[in-house]
Number of protein chains: 2
Amino acid sequence: MTEEGSYDTVIVRFGCEVGVKSSRTRIRYEKEVCRQIKRLLEAEGVDYKMEYVFGRVYVSSCDAVKVAKLATRVFGVSSSSPALKTSSEMNDIVQAALKVAEKTLKGKRTFAVRCKRTGRHPYTSMDVCRKVGGEILQFFNEDKLKVDLKNPEVTIKIEVRDDKAYVYIEEYNGPGGFPLGVQGKVVCLLSGGIDSPVACWLMMKRGAFITPVYFDSSPTFSDELSRIKAVDCAKALFNWTGKGGEMYVVPYEGVLSVIKREAPERYTCILCKRFMYMVAEKIADREKAEGIVTGEALGEQASQTLRNIRVLNEAVKRYPVHRPLLGFDKVETEEIARRIGTYSISTRKSSGCNAAPRHPILKAKLEYVLEIEKKIESEKMAEEALKKSQKIKI
Amino acid sequence: MTEEGSYDTVIVRFGCEVGVKSSRTRIRYEKEVCRQIKRLLEAEGVDYKMEYVFGRVYVSSCDAVKVAKLATRVFGVSSSSPALKTSSEMNDIVQAALKVAEKTLKGKRTFAVRCKRTGRHPYTSMDVCRKVGGEILQFFNEDKLKVDLKNPEVTIKIEVRDDKAYVYIEEYNGPGGFPLGVQGKVVCLLSGGIDSPVACWLMMKRGAFITPVYFDSSPTFSDELSRIKAVDCAKALFNWTGKGGEMYVVPYEGVLSVIKREAPERYTCILCKRFMYMVAEKIADREKAEGIVTGEALGEQASQTLRNIRVLNEAVKRYPVHRPLLGFDKVETEEIARRIGTYSISTRKSSGCNAAPRHPILKAKLEYVLEIEKKIESEKMAEEALKKSQKIKI
């Protein structure tokens, strides 16, 4: 029997964000997290039984490790542990702990036992640790196994809750945040680069549904691989929801040609991004969204100076533009990208955007930008681009 | 002689954000970081000599550990190391390494040697590691010291650069980001709570000067301790700049009384925050800032739902409102607060705001908000509040 085989239950813990809400909101959020775990398990065809108690979910399953890993893909979950369930009788706890220890302590030199307890029992948590620790030492008699409370190789953890007890070793980290959907919807600019998918994910983590929008400037200014990257990033993001989603693909080559032809080269990026903002605003109207999200980080690119962001911001009148990465260093964004599964997609080879000038303007002038936009009829082009855009199922 | 006593130089490394810029920008940023390190060292009365080379700064000082720690308080610095400087002659490197080893390997069981090399030398990096490792083993002959490349207790690090070499152990982490000031100025709402100082700091990290604004609703709706907390947070933030700064304190008790009296209780927080946004916008005009910064995190408080943020956002017409914490969980914000020195201030006892209703509105209606604001003449009150506000030196 493998280590996995000894577990029959999963402990799922809710994130702090959920825990600090009023009881009413908290129960509503926790039940929503449960629903989303169920959806994910059912999509994966896993057999399970779920028991919700205030502050915890216990999922019984013969595939506990798989369930525990799936649960860490649900927003609002802070961590999960495959566990062996038993009654809260001391003898049962000892037997369960020995079973887990047998699989996990072989060949190890040091261990510790920790216990958390809720409810009334004829013993303290410390009693459990002492008793279980002693029995494990006796069981591994012949080996050189020792208790080390400071820096043990393995920690046997026991959670006693009323008439049940759970023995476990691992704690898998979840994303934390709020259950998806409790915050309504946002429209997100998604380029397929490293930043924008992370910005999307952070908004999802805080409870918002996303509608990604990709601007396709191929074949002149980018390539098909770039579009595929964006679509794959959207897929990776929707993977976190346990169900599909929709994204907009906006034809953009013509517009960018006009910008390249009619505007000074240094203004290409500002005009390009403002146009994207404008279309996003129209999509937000249509999708009844509450905001627009971009992957901008202050100073990362020339178009992302404080001044230029200000000029960009003026392109959107009816929604806030959210920039969750504004204060991030690239290494911090990359770390999240790796964790959420978009990094390997975003770093695939593709042409990227070849329309960007070598020396983009750092302090764009709004009046001048508005003048050019009037000349090239940006507003009208945005309307047309929206009409020609495709809404695709992911 | 202490371990500290064996160092005479500090290696300061620039953050990746600086490193990826074009050579011209990079040199400009790196030199700006140097200027800011100098300012900090001079403010602390430290004797030093600085040598800048592309990508690195070496600071000679007899107080190397202190200098290294001060350098980690300069934005744009990724890390620093107190080091012992010597020539790039192999014998000199060995002597320096032995000197450092003598202080740091006593009583240890395992060590490793690592070497990085730039320039032309009659040896490879590997030669240096082997030679130094061998000499150290010989030096500690009588002890049970061993080489362990995988998991050493101490790593002796050697950086060879042209005709110089540096031996060091520690790497202190700096904040990364961009040198302060390369991004212009932002006006920040600063409450003295945990979030807003972190939002300020993240903007500073990305290169922006800050002008904090505190709204003083004491004695009716908060207390003097709350104001002192905000001022102390501002001090802690300006501590990161090596020089002082300025903040606005806006008298707010009267305005909040009007809101409490004239508006439905559920709308208190929305109206309160919108008023703060309005005053911040006027201060941004006056200070020639490029944006407004708040500590809002999506869903953290009732006033921070997507819908409510949208209604808040409408209060500001001429600037983007930046919310660098939008995607943060509380634990993530707290972690930064601890690191930057504001957590212990923000968690001090104070009355906090007692004007907040028990059940604030979650989906405020903009039209209704505008109606109330017209009735209570918010715009006029904002003008007056600005006139009565104090600009204080920190």
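What you see is a predicted model; the values in this text were computed from it and never measured. (Residues numbered from 1 in each chain as written. Chains lettered and ligands numbered in written order. Predicted model: local features only at pLDDT ≥ 70, side-chain atom pairs only at ≥ 80, totals over all residues.)

J.: For this particular structure, what's the right way to read the overall build of chain A?
T.: Scanning chain A from terminus to terminus reveals 14 helices and 15 strands. Each of the three principal axes of chain A carries a C-alpha extent, and together these read 85 × 40 × 35 Å. Put simply, chain A has 394 residues, and 48% of those count as buried. Partitioning the intrachain contacts of chain A with sequence separation of at least 6 by distance along the chain shows that 81% fall at a separation of at least 24. (Helix = DSSP H or I, 4+ residues; strand = E, 2+ residues; numbered from the N terminus. Buried ≥ 20, exposed ≤ 12 C-beta atoms within 10 Å, placed from the backbone. Contact = placed C-beta atoms within 7 Å.)

J.: Explain the domain arrangement of chain A here, please?
T.: Frequently, the measure chosen for interface size is the accessible area that the parts lose on association. For chain A, the domain assignment lists domain 1 (4–173) and domain 2 (185–393). Between domain 1 of chain A and domain 2 of chain A, the C-alpha centre-to-centre distance is 43 Å. (Domains from an automatic or database assignment.)

J.: Quick question: what am I supposed to make of the relation of the copies chain A and chain B here?
T.: One copy of the chain maps onto the second through a rotation around an axis plus a translation along that axis. Overlay of chain A on chain B (RMSD 0.0 Å): rotation 180°, translation along the axis 0.0 Å. The operation mapping one copy onto its partner corresponds to a two-fold rotation axis. For chain A, the minimum C-alpha distance to the rotation axis belongs to Pro-324 of chain A and amounts to 2.9 Å. A high fraction, 100%, of the interface residues of chain A reappear at the interface in chain B, so the copies pair face to face through one surface. (Least-squares fit on C-alpha atoms with pLDDT ≥ 70 in both.)

J.: Where do I start with the interface of chain A and chain B in this structure?
T.: The interface is formed by 37 residues belonging to chain A together with 37 residues belonging to chain B. Secondary structure elements with two or more residues in the side of chain A that touches chain B: helix H1 (16–19), helix H6 (195–205), helix H10 (306–313), strand E14 (321–322) and helix H11 (330–340) of chain A. It is H10 of chain A that provides the largest number of residues to the side of chain A that touches chain B, a total of 5 residues. Its residues placed into classes, the side of chain A that touches chain B shows 16 nonpolar, 12 polar and 9 charged. (Nonpolar A, V, L, I, M, F, W, Y, C, P; charged D, E, K, R; others polar.)

J.: Got a minute to help me understand the confidence of the model for chain A in this structure?
T.: Low pLDDT marks regions whose predicted coordinates should not be analysed in detail. Averaged over every residue, the pLDDT of chain A is 94; residues scoring 70 or more account for 98%. For this predicted complex, the interface confidence score (ipTM) comes to 0.92, while the overall pTM stands at 0.93. (pLDDT = per-residue confidence, 0-100.)

J.: So what exactly am I meant to see when it comes to the sheet that holds strand E15 (residues 390–393) of chain A here?
T.: Adjacent strands of a sheet form backbone hydrogen bonds with each other and so pair up, either parallel or antiparallel. Residue and element names in this part refer to chain A. Overall, mixed pairing links the 6 strands, which are arranged E14-E13-E10-E11-E12-E15 in an open sheet. What marks the edges here is a single partner per strand, and that holds for E14 and E15. Two elements, strand E10 (residues 185–189) and strand E13 (residues 292–293), share 2 bridges in a ladder whose sense is parallel. Within E13, the residue paired with Val-187 across the bridge is Ile-292. Packed on one face of the sheet, H6 meets E10, strand E11 (209–216), E13 and E14 and runs near 170° to E10. (Pairing = 2+ DSSP bridges. Axes fitted to C-alpha atoms, helices over the stretch in contact; angles between N-to-C directions.)

J.: Would you mind showing me how to read the sheet that holds strand E12 (residues 246–251) of chain B here?
T.: Residues and elements named next belong to chain B. The sheet built from 6 strands is open, its strands ordered E14-E13-E10-E11-E12-E15 with mixed pairing. Looking at which strands have only one partner, the edges of the open sheet turn out to be strand E14 (321–322) and strand E15 (390–393). Sheet topology note: the strand E10 (residues 185–189)/strand E11 (residues 209–216) ladder contains 5 bridges and is parallel. Bridging across to E11, Val-187 finds its partner in Thr-211.

J.: Sorry if this is basic, but what is going on with the packing of helix H9 (residues 268–287) of chain A against H10 of chain A here?
T.: Between two packed helices, what matters for the description is the angle formed by their axes and the separation of those axes. Residues and elements named next belong to chain A. Look at H9 against H10: their axes get within 9 Å of each other, and the N-to-C directions meet at 40°. Here H9 lies oblique to H10, going by the angle between them. The crossing of H9 and H10 is right-handed. Where H9 approaches H10, its residues Ile-270, Lys-273, Arg-274 and Tyr-277 are matched on the opposing element by Asn-308, Val-311 and Leu-312. Across the contact of H9 with H10, the residue classes tally to 4 nonpolar, 1 polar and 2 charged. (Parallel < 35°, antiparallel > 145°, perpendicular 65-115°, else oblique. Left-handed = near helix turned anticlockwise from the far one by under 90°.)

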